[in-house]
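Take a look at the letters that make up each chain.
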Amino acid sequence: MRILILFACAFVLCQSCSKTSTPPTPATPPKPDTPNFPVSLYNPKPLDTLNNWVRVGRVAHDLEDIWFTSNSAGFIATDSCLLKTADNGITWTKIPNTSYQYLYNLQFIDDQNGFVQGVRELGITQDGGTTWELKTLPDNSILYFQFVTATTGFYADNVQGIKKTTDAGSHWTSVLTSAQRNFPFYFLDSLRGFSMGGGDFSVSTNGGSNWALKTAHVTTYDNRFYKMQFIDTPTGYCATPNGLIKSIDGGITWANCLAATTTFMIPYFIDANNGYCLDRNTIYKTTNGGQTWTISCKLPSDNFSGFHFLDMNTGWASTFGGYFLRLK
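Residues numbered from 1 in each chain as written. Predicted model: local features only at pLDDT ≥ 70, side-chain atom pairs only at ≥ 80, totals over all residues. Heavy atoms only, no water.

Of the regular secondary structure elements, the protein holds one helix and 28 strands. Looking at the protein as a whole, 56% of its 328 residues qualify as buried. Summed over all atoms, the accessible surface of the protein reaches about 13200 Å², with 51% contributed by carbon and sulfur. (Helix = DSSP H or I, 4+ residues; strand = E, 2+ residues; numbered from the N terminus. Buried < 20%, exposed > 50% of the residue type's maximum accessible area, 1.4 Å probe, protein only. Areas by Shrake-Rupley, 256 points an atom, 1.4 Å probe, with all protein chains shown as cover.)

Next comes the structure, spelled out in structure tokens:
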């Protein structure tokens with residue numbers, strides 16, 4: 001379902017996702033400072049709106065993203081390493097040889113093949129996360145990435161555009177460049193892709209080799225766009241500073257479906273009707289394709305950094321403050 005995840009843009013986002021001005025809350029216990037990253041359980045704060053979520057614990061790191069491959073096996077990208085759990089988040093351990101600096105986005109395409117992206121690094125596992133190989137990316141302002149198979153993937157650079165690999169990150173070629181910056185994109189498969197490059201929305205049907213402009217000058221504050229997700233060829237969502245926008249005609253027209261003034265937003269849809277949207281300290285839920293939304297979870301003094309769902313009733317979320325939560 002977590003952007004559903006950056007160099008200068010990432011640092012701006014992370015800074016803007018810091019704690020907001022809220023009424024005073026009870027002091028938060030300090031993060032545990034031990035080398036084995038044990039879990040410490042905390043009671044929910046009085047102002048939390050956890051609903052069906054439970055705060056499982058906290059580790060001594062800023063958490064950047066979270067991903068589970070099953071009900072028990074999960075991974076967290078932190079500011080300095082990768083952590084894994086085999087018991088649904090009750091205990092976490094550091095994965096050896098993953099002491100990388102600032103890993104932002106996690107993705108597994110199955111229970112064996114996974115990827116983690118940093119500013120200029122790509123970590124790859126082919127054995128379910130037991131071992132990881134680190135590869136250096138050719139650009140140094142990576143915003144987003146996505147793999148559609150174990151070998152074919154894409155990333156968006158804030159300056160260079162979208163690049164593609166067909167050999168699991170060993171080599172990359174440019175598939176979309178533009179004078180505009182900020183390139184959220186999404187591929188339904190190895191052929192069908194979508195991009196919102198600086199407000200110009202384009203579609204590819206051949207894996208990025210060619211792009212057809214569908215609409216130009218989709219405007220938002222500061223002309224920024226965040227994570228994008230398409231459910232099928234006509235139906236897609238794109239997060240913006242003005243909220244979540246939706247298209248039902250393949251990107252020809254867009255309309256706001258979740259109004260917000262935000263600096264960090266990720267859509268995560270299970271199907272055409274059911275999905276979630278992360279907006280800084282709040283996770284929203286919809287069961288009618290974004291026509292209406294309810295608050296699934298809200299934090300008063302921390303911000304979510306990522307989330308992931310196996311289905312509408314099975315999910316996890318991470319926070320910049322080091323907490324991880326589970327949907328009951």
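After that view of the structure, there is still more to cover.
This paragraph deals with the sheet that holds strand β13 (residues 173-176). Ordered by their spatial adjacency, four strands build an open sheet running β10-β11-β12-β13, and the pairing between neighbours is antiparallel. Each having just a single partner strand, β10 (142-147) and β13 make up the two edges of the open sheet. When strand polarity is set aside, the average angle formed by the axes of neighbouring strands in this sheet is 30°. Note that β10 and strand β11 (residues 153-157) share five bridges and pair antiparallel. Residue pairing in the sheet places Phe147 in a bridge with Gly153 of β11. (Pairing = 2+ DSSP bridges. Axes fitted to C-alpha atoms, helices over the stretch in contact; angles between N-to-C directions.)

A separate point is the pattern of salt bridges. Tallied over the full model, the rule gives three salt bridges. A salt bridge links Asp189 to Arg192; its shortest N-O distance comes to 2.8 Å. Arg280 is the partner of Asp279 in a salt bridge, and the nearest nitrogen-oxygen pair spans 3.9 Å. Residue Asp279 is classed as buried on the basis of its relative accessible area, which comes to 7%. The exposure class of Arg280 is partly exposed, given its relative accessible area of 23%. (Salt bridge = Lys/Arg side-chain N within 4 Å of Asp/Glu carboxyl O.)

Take the sheet that holds strand β18 (residues 228-230) next. Spatially, four strands are ordered β18-β19-β20-β21 in an open sheet, and the strand pairing comes out antiparallel. The outermost strands of the open sheet, each flanked by one partner alone, are β18 and β21 (255-259). In this sheet, neighbouring strand axes are inclined to one another by 25° on average, regardless of whether the strands run parallel or antiparallel.

Our next topic: the environment of Trp211. You can see Trp211 is positioned in the loop between β16 (200-204) and β17 (212-215). Given a relative accessible area of 19%, Trp211 falls into the buried group. Each residue touching Trp211, except ones within four places of it in the same chain, is listed here: Val175, Leu176, Phe187, Gly193, Phe194, Ser195, Ser202, Val203 and Ser204. Within the structure, the side chain of Trp211 is placed 2.9 Å from the backbone oxygen of Val175, a separation counted as a polar contact. Of note is the side chain of Trp211, whose polar atom sits 3.0 Å from the backbone oxygen of Gly208. (Contact = heavy atoms within 4.5 Å. Polar contact = N/O pair within 3.5 Å; in protein donor to acceptor, adjacent residues only side chain to side chain.)

In this section: the state of the cysteines. A complete count under the given rule lists zero disulfides for this structure. Distance from the sulfur of Cys277, which forms no disulfide, to the nearest cysteine sulfur (Cys257) is 7.5 Å. (Disulfide = S-S within 2.5 Å.)

With that out of the way, let us pick up the confidence of the model for the protein. Segments scoring low in pLDDT should not have their predicted coordinates read at a detailed level. Confidence in the prediction for the protein averages 85 pLDDT; 84% of positions are at 70 or higher. Long-range and interchain partners of residues 1-46, a stretch whose pLDDT sits below 50, account for 123 contacts in this model, where long-range means more than four residues apart. (pLDDT = per-residue confidence, 0-100.)

Here strand β20 (residues 243-247) lies mainly inside the structure; five of its five residues are buried. Examined bridge by bridge, strand β19 (residues 236-240) and β20 share five bridges and lie antiparallel to one another. Across the sheet, Thr240 pairs through a bridge with Gly243, a residue of β20. Counted between consecutive antiparallel strands, the loop separating β19 from β20 contains two residues. The pairing of β20 with β21 spans four bridges and is classified as antiparallel. Pairing of Ile245 across the sheet is with Asn256, part of β21.

Another point: the environment of Gly199. Secondary-structure assignment places Gly199 in the loop between β15 (193-197) and β16. Distance from Gly199 to Thr215, taken between C-alpha atoms, is 8.4 Å for residues 16 residues apart in sequence. Apart from residues no more than four positions distant in its own chain, Gly199 is found in contact with Thr215, Ala216, His217, Val218, Asn223 and Phe225.

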